[in-house]
Amino acid sequence: AATMFERATRLDPNRYEAALRLAVTLDRAGQDSRARGLYRDLFDGGGPQWVRMIAAQQLASDLVVSGEAASAVRILRRALEEVGPNPRVTIQLAQALDDAGEPRLAAETLTTLEADLDGDRSPRLRYSEWPDLGPRVDHQRLAERARSALPALEAALGARSDEEG
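Everything numeric here is computed off the predicted structure, so don't read it as measured data. (Residues numbered from 1 in each chain as written. Predicted model: local features only at pLDDT ≥ 70, side-chain atom pairs only at ≥ 80, totals over all residues. Heavy atoms only, no water.)

(A) Region of the structure containing the side chain of Asp27. Within the secondary structure layout, Asp27 lies in helix α2 (residues 16-28). Buried Asp27, no salt bridge; nearest opposite-charge side chain is Arg36, N-O distance 7.0 Å. Discounting chain neighbours no more than four positions away, the residues touching Asp27 are Asp32, Ala35, Tyr39, Gln58 and Asp62. (Helix = DSSP H or I, 4+ residues; strand = E, 2+ residues; numbered from the N terminus. Buried < 20%, exposed > 50% of the residue type's maximum accessible area, 1.4 Å probe, protein only. Lys, Arg positive; Asp, Glu negative; His and termini not counted. Salt bridge = Lys/Arg side-chain N within 4 Å of Asp/Glu carboxyl O. Contact = heavy atoms within 4.5 Å.)

(B) Representation of the nonpolar core within the structure. Grouped together as the largest cluster of nonpolar side chains are 32 residues, with contacts concentrated most on Leu20, Tyr39, Leu42, Phe43, Ala55, Leu76 and Leu93. Taken together, the elements giving at least two residues each to this core come down to α2, α3 (32-44), α4 (49-65), α5 (69-82) and α6 (87-99). Examining the composition of this core, we find that nine residues originate from one element, α4, more than from any other. When sequence neighbours within four positions are dropped, the list of residues in contact with Leu76 reads Ala56, Gln57, Ala60, Val89, Gln92, Leu93 and Ala96. (Core = buried A, V, L, I, M, F, W, Y, C linked by side-chain atoms within 4.5 Å.)

(C) Focus on α6. End to end, α6 covers 18 Å across 13 residues, agreeing with the expected 18 Å (1.5 Å per residue, within 8%). Listed in full, the buried residues belonging to α6 are Val89, Thr90, Gln92, Leu93, Ala94, Ala96 and Leu97. One side-chain oxygen of the residue at the start of α6 lies 3.0 Å from the amide nitrogen of Arg88, identifying that residue as Asn86. A positive backbone phi angle near 85° is found at Gly101, which sits one or two residues after α6. (Expected span 1.5 Å × (residues − 1). Polar contact = N/O pair within 3.5 Å; in protein donor to acceptor, adjacent residues only side chain to side chain.)

(D) Just a nonpolar patch on the surface, in detail. A cluster of nonpolar side chains, namely Leu150, Leu153 and Leu157, defines an oily patch on the protein surface of about 280 Å² accessible area. Residue Leu153 is classed as partly exposed on the basis of its relative accessible area, which comes to 47%. (Patch = residues over 30% accessible without salt bridge, like charges linked within 9 Å, V, L, I, M, F, W, Y side chains within 5 Å. Areas by Shrake-Rupley, 256 points an atom, 1.4 Å probe, with all protein chains shown as cover.)

(E) Examining the packing of α4 against α5 more closely. Relative to each other, α4 and α5 sit at 165°, their axes nearing to 8 Å. With respect to each other, α4 and α5 are oriented roughly antiparallel. Handedness of the crossing formed by α4 with α5: left-handed. Within the contact between the two elements, α4 uses Gln49, Arg52, Met53, Ala56, Gln57, Leu59, Ala60, Leu63 and Val64 and α5 uses Ala69, Ser71, Ala72, Ile75, Leu76, Arg78, Ala79 and Glu82. Split into classes, the residues belonging to the contact of α4 with α5 amount to 11 nonpolar, three polar and three charged. (Axes fitted to C-alpha atoms, helices over the stretch in contact; angles between N-to-C directions. Parallel < 35°, antiparallel > 145°, perpendicular 65-115°, else oblique. Left-handed = near helix turned anticlockwise from the far one by under 90°. Nonpolar A, V, L, I, M, F, W, Y, C, P; charged D, E, K, R; others polar.)

(F) Representation of the confidence of the model for the chain in the model. Chain-level pLDDT for the chain is 80 on average; 70% of the residues reach the 70-or-more range. By mean pLDDT, helix α9 (residues 123-128) is the weakest element of the chain at 61, and α5 is the strongest at 95. (pLDDT = per-residue confidence, 0-100.)

(G) View of the pattern of salt bridges. Throughout the structure, instances matching the rule amount to six salt bridges. Where Glu82 meets Arg52, a salt bridge forms, and the shortest distance between an N and an O atom there is 2.6 Å. You can see Glu82 sitting in helix α5 and its partner Arg52 sitting in helix α4, a full 30 residues away along the chain. With relative accessibility at 8%, the residue Arg52 sits in the buried group.

Next up, the structure:
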């Protein structure tokens, strides 16, 4: 998967979602420093707000795991200031503050949570949705074509196994 996302980002550096998915893939594969660099670039860059927010969250999570909770706090505060209120980020900030030895500030941060609930789609929800592949590609149409091709594939595989058997 990383190869496909790398190719997409090379072809078009403004494919922010592909770059985000590449960073997450690298992170899960244990390539922490590359993933962190991409998260920082995405957060500092001029991409969509939802991509910037997820990049900040991922970067902050990695920083906390690495024992750099104070750096995570700075990233999350900046995300809330620059990108806007977000309940998940507020909760993550409170956790990072607690990890940084600031339990009082963590509790105060959680009191602002209600004001963050604006009913908009969260960046995480957007990330979990099927990516927009452009006007010519329709996910539903592709899924229907795949389902209609299954009987022919099964028949071909069955014929091949008969020949081999």
